[in-house]
Amino acid sequence: MHEFSIVSSLLDLVEADVRKHEAKAATRIVVRIGEMSGVVAELLTEAFHVCKRGTLAEQAELVVEKQEVLISCGCGYKGPIKDRRFICPVCGTADVEATAGEEMILQQLEMEVE
Ligand SMILES: [Zn+2]
């Protein structure tokens, strides 16, 4: 499953950050999933609960937020798309660039420090 490899790299990132700050463990992890990233929040949470065992994020709470798709168009339009169609809502071209919503990002990480 796609989500397992995502969670595994997320946990690597979290553990590296926890070590960098010389903290004991991660307590809260907030991620934002782009609507076009193809990541399913429920599957991600499920994979997290399986993969977190034995890691520095074992006790952490995972919060999943959704990031809507934002585009930038040659006509000057910048903003969300309409009806989940990947075209400019102003001029109708499909030649637009996504500026958000294509990936998953680690938004916030809280950790326990001794
Ligand atoms: Zn446009």
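Everything that follows concerns the structure shown earlier in this document.
Figured I'd write up the structure that's included with this text. As the structure is a prediction and not an experimental result, all values here were calculated from the model.

Each value, and the rule that gives it
Residues numbered from 1 in each chain as written. Predicted model: local features only at pLDDT ≥ 70, side-chain atom pairs only at ≥ 80, totals over all residues. Heavy atoms only, no water. Donors = N, O, S within 2.8 Å, 3.2 Å for Na, K, Ca; no water. Tetrahedral: all angles 85-135°; square planar, octahedral: opposite > 155°, others 65-115°. Helix = DSSP H or I, 4+ residues; strand = E, 2+ residues; numbered from the N terminus. Buried < 20%, exposed > 50% of the residue type's maximum accessible area, 1.4 Å probe, protein only. Contact = heavy atoms within 4.5 Å. Pairing = 2+ DSSP bridges. Axes fitted to C-alpha atoms, helices over the stretch in contact; angles between N-to-C directions.

### Quick look at the coordination of the zinc ion
Only Cys-73 (SG), Cys-75 (SG), Cys-88 (SG) and Cys-91 (SG) from the protein reach the zinc ion as donors, at distances of 2.3 Å. In this structure, the zinc ion is surrounded by 4 donor atoms whose angles at the metal cover 107 to 114 degrees, and the resulting shape is tetrahedral. Within one chain, the residues donating to the zinc ion are spaced in sequence as C-x1-C-x12-C-x2-C. Linking Cys-75 in the loop between β3 (70-73) and β4 (78-80) with Cys-88 in the loop between β4 and β5 (96-100), this pair joins segments that are 13 residues apart in sequence. The partly exposed category is assigned to Cys-75, whose relative accessible area is 43%.

### Focus: the environment of Ala-26
As for its position among the elements, Ala-26 is in strand β1 (residues 25-34). Looking at Ala-26, the relative accessible area reads 1%, which means it is buried. For the pair Ala-26 and Leu-56, spaced 30 residues apart in sequence, the C-alpha separation works out to 6.0 Å. Residues contacting Ala-26, with those up to four places away along its chain left out, are Val-14, Val-18, Leu-56, Ala-57, Gln-59, Ala-60, Leu-109, Glu-110 and Met-111.

### What to know about the sheet that holds β4
Spatially, β4-β3-β5 is the arrangement adopted by the 3 strands of the open sheet, whose pairing is antiparallel. The sheet is open, and its two edges are formed by β4 and β5, each paired on a single side. Taking each pair of neighbouring strands and ignoring which way they run, the sheet shows an average axis angle of 35 degrees. Judged from the 3 bridges that link them, β3 and β4 form a sheet pairing that is antiparallel. Residue pairing in the sheet places Ser-72 in a bridge with Lys-78 of β4.

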